[in-house]
Amino acid sequence: MLEICRLTIIESLRRRLTLALFATTLLLVGFTGWAFAKLSQLSSLQGIERLAQFSILLIFLMLLFTGMLALTAVFSAAAAVAGELESGIAAAILARPIRRGAYLFGKWLGLAVVVGAFALVAGSGEILVVSRVAGYAPPQPVAGLLLIVAQALLLMTLSLALATRLSAVTSAIVATVAFFLAWMLGTIDLMGLALRYPTLMAVGDVGKILLPTNALWQAAEYHLEPPALIALARGFTSFSSNPFMALAPQPAAVLIWAAIWAAIVFGIGALSLGRRQL
Amino acid sequence: MAHAAAPGRDPDAAIRTDLLEKRYGRRVALHGLSLTVPRGSVFGFLGPNGAGKTTAVKLLLGLVRPTAGEGMVLGGPIGDPSARRRIGYLPELFRYQDWLSAREVLRSHAVLAGLGRERIAAATDSALELVGLEGEGRRRVGAFSKGMQQRLGLAAALIGEPELVVLDEPTSALDPVGRHEVRGIIQGLRDRGATVFLNSHLLTEIEAVCDEVAVVDHGRVIASGRLDELLQARGAEVAVDGLDSAAVARLGGTMAAPGAAIFPDIAESDVPELVAAIVANGGRVYRVTPRKASLEQIFLDWLEVR
Ligand SMILES: Nc1ncnc2c1ncn2[C@@H]1O[C@H](COP(=O)(O)OP(=O)(O)OP(=O)(O)O)[C@@H](O)[C@H]1O
Ligand SMILES: [Mg+2]
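All chains use their own residue numbering, which begins from 1 and follows the written sequence. Throughout, the order in which chains and ligands are written sets their labels, letters from A for the former and numbers from 1 for the latter. It should be noted that, the model being predicted, local features are given only for residues of pLDDT at least 70 and side-chain atom pairs only at 80 or more, the latter also being counted only at that level, while totals for whole chains, interfaces and linings use all residues. The side-chain quantities take in all heavy atoms of the structure and omit both hydrogens and water.

Comments concerning helix α2 (residues 17–42) of chain A
In this model α2 of chain A runs 37 Å from its N-terminal to its C-terminal C-alpha over 26 residues, within 8% of the 38 Å that 1.5 Å per residue would give. Residue contacts follow a heavy-atom distance rule, with two residues in contact if any of their heavy atoms lie within 4.5 Å. Working definition: helices are DSSP H or I runs of at least four residues, strands are E runs of at least two. Numbering for both runs from the N terminus. The inward-facing, buried residues of α2 of chain A abut α3 (47–87) and α5 (100–134) of chain A. Expected span of a helix: the number of residues minus one, times 1.5 Å.

Here we look at the side chain of Q218 of chain A
Along the chain, Q218 of chain A turns up in helix α9 (residues 213–224). When neighbours within four sequence positions are excluded, Q218 of chain A is seen to be in contact with G186, L190, A246 and Q250 of chain A.

Things to note about the confidence of the model for chain B
Residues and elements named next belong to chain B. Per residue, pLDDT measures the predictor's confidence, with a range of 0 to 100. Here chain B averages 87 in pLDDT, and 94% of its residues register 70 or above. Counting interchain partners and residues more than four positions distant, the pLDDT-below-50 stretch residues 1–9 has 21 contacts. Complex prediction metrics read pTM 0.86 and ipTM 0.84.

Structural notes on the interface of chain B and chain A
On the side of chain A, 27 residues touch chain B, which itself brings 31 residues to the contact. The junction of chain B with chain A conceals about 2600 Å² of combined surface from both sides, 54% of it contributed by carbon and sulfur atoms. Whenever a carboxyl oxygen of Asp or Glu lies within 4 Å of a side-chain nitrogen of Lys or Arg, that contact is scored as a salt bridge. Ionic pairing is found between E3 of chain A and R107 of chain B, a salt bridge with its closest N-O pair at 3.7 Å. Two N or O atoms count as a polar contact when they lie within 3.5 Å, although within protein this holds only if one can serve as hydrogen donor and the other as acceptor, and sequence-adjacent residues are included solely when both atoms are side-chain atoms. Across the contact surface, chain B and chain A share 12 residue pairs in polar contact (both at pLDDT 80 or more). Elements represented by at least two residues in the side of chain B that touches chain A include exactly β1 (13–24), α2 (81–84), β6 (87–90), α3 (102–112) and α5 (146–158) of chain B. Class assignment for the residues of the side of chain B that touches chain A results in 17 nonpolar, 5 polar and 9 charged. By buried area we mean the combined loss of accessible area, with a 1.4 Å probe, across both parts when two parts are placed together. Side-chain classes follow a simple rule in which Ala, Val, Leu, Ile, Met, Phe, Trp, Tyr, Cys and Pro form the nonpolar group, Asp, Glu, Lys and Arg form the charged group, and the remainder, Gly included, forms the polar group.

What about the sheet that holds strand β13 (residues 260–263) of chain B?
Residues and elements named next belong to chain B. Pairing is antiparallel in the open sheet, where 4 strands are placed in the order β12-β13-β11-β14. The strands lining the two open edges of the sheet, one partner per strand, are β12 (254–257) and β14 (284–290). Recorded for the sheet is a direction-independent mean angle of 30° between the axes of neighbouring strands. Here 3 bridges tie β12 to β13, and the two strands are oriented antiparallel to one another. In the sheet register, T254 faces β13, and the bridge partner there is I262. On the sheet, helix α10 (residues 271–280) packs against β11 (236–241), β13 and β14 and is oriented at approximately 155° with respect to β14. A pair of strands is labelled paired if DSSP reports no fewer than 2 bridges between them. Fitted lines through C-alpha atoms serve as axes, helices being fitted only where they are in contact, and the angles separating the N-to-C directions of these axes extend from 0 to 180 degrees.

Observations regarding empty space enclosed by the protein
Residue and element names in this part refer to chain A. Using only the protein atoms, space was sampled on a 1 Å grid; points where a 1.4 Å probe fits but cannot get out form cavities, open sets with protein on both sides within 12 Å along at least five of seven lines form pockets, and lining residues are those with an atom within 4 Å of a point. Grid points are joined across faces, edges and corners, and a volume is the space filled by probe spheres set on the points. If you walk through the whole model with that rule in mind, you get 5 cavities of 30 Å³ or more. Computed from the structure, the largest cavity encloses a volume of approximately 60 Å³. Lining the largest cavity, in full, are A182, L185, G186, D189, G204, G207, K208, L211, N214, A215 and Q218. Every element with two or more residues in the lining of the largest cavity is listed here: α7 (168–195), α8 (198–210) and α9. Residue contributions to the lining of the largest cavity peak at 4 residues, all from α7.

This is the structure in structure tokens:
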């Protein structure tokens, strides 16, 4: 299992995935640093307004980063599993005394290391550069980043499980669609909350259970927002349905469910690989 | 013996299957396959394209699940990971990680096969040497020719001295020299006491190395047995005159041409008696030629008989 994990990491190094991610990180952090330096020079806003400006911009950047990370996780997992199964590389490996579940978990672990390392380096790079050049830091950057990583791992697990049966492209597309769908359902949920309209809220809840990625993003968002801003926004009803703000923390049950969800999806993937003809 | 044997009859068998069956949807790839491969033998599994050879091998390794029947490999039920520790396998469509070097591929196979850390380097070296890739260990597999990749696959199947080596058409991409070398490798395995299960439709290859063979066609075993028995000289051609065809027929032969009688059921040990009988009937014998069967002829006969 550890050998499979090791091979997966080597693959991402040799195929220059790691290099590409590293280059992207440099570009991203450099560009963010430059933009925020300009902004803090030229912006005349003060106090809570300035806080709001920086915080909203940073959260939007983190949202885009989350999307990037999700796509990275989804595509690399799909390629790593479906590619090996289709080419016949897996047949030679799985004829060895290794259980298919262990093989899949080795892949998961290797990919998680790559995706997690990219997320932590690039994400903390973003936050650090902003705090350096603009003097603004979100209140709980570590918790926020970890939740963003968790979201990427959830999508990676889904893509991995799909790739035990489907082709790489199909798995990656389905997982990507699921990611956006969860986001849409999350927005419907917010609308339901604002209008206190139970049907909409129910749709949102079902979405949260089926794919808890968006809930994790909202939890991350909450940790990245200054409390003063949240307190302020709570005063306006219109803000409660703003998809770019989380006014309440996610209940712990959401986190627990996300972990269980990942375990279930992985289990389904392992079963499906176990029954596959090679 | 490689014929329909119930499991349990030969506890020392390396492979024993009982009515193993595989269907893909409505298509039957393998009808109830029952065979026993004794330990230490080189077993040739022959058959035309699409006969079910690869399916049988994949069933034995647990890569596909049987739809019916059961089997044992090295004392464990098929698909049992602990038995797979002692099996080396070269798939028909061999592919290894392009981005690794040959040495790294073998290393990872050694690790997965459960070889101890201290044995891995030596095992990798000797496997590379055995297949003639000793100078290529550091090169990326992606830059290998097809034949070199098959050699690498062979090395992966041989690493760690497995008790059972399953080779699915091991020479399909090899040049004549390579084919000859594979023969040597298989003989080396036999000398070491390993069992070899060899899938092939190259009859000369089978003829040169196998102790036992089974012929499969359309998913059924249509013939099997010890190769030396199958190939045993059977029948004799006798150059003779002074006998009419009725006399030849009485002795169990037929006149193929004037002066040439064929006795199809005569074993080599019966030749002196046959000659004596011909002489006693007034015939004059000029020459007796044993008729040696080739596996190819037998193979074609079998496929026709079915
Ligand atoms: N994955 C599959 N799905 C459907 N049918 C299959 C599958 N694999 C094999 N078959 C069918 O099973 C039969 C046996 O195939 P198999 O690959 O075992 O033949 P083979 O004896 O190895 O032939 P060859 O000499 O061409 O390698 C064929 O009719 C084939 O079409
Ligand atoms: Mg085949």
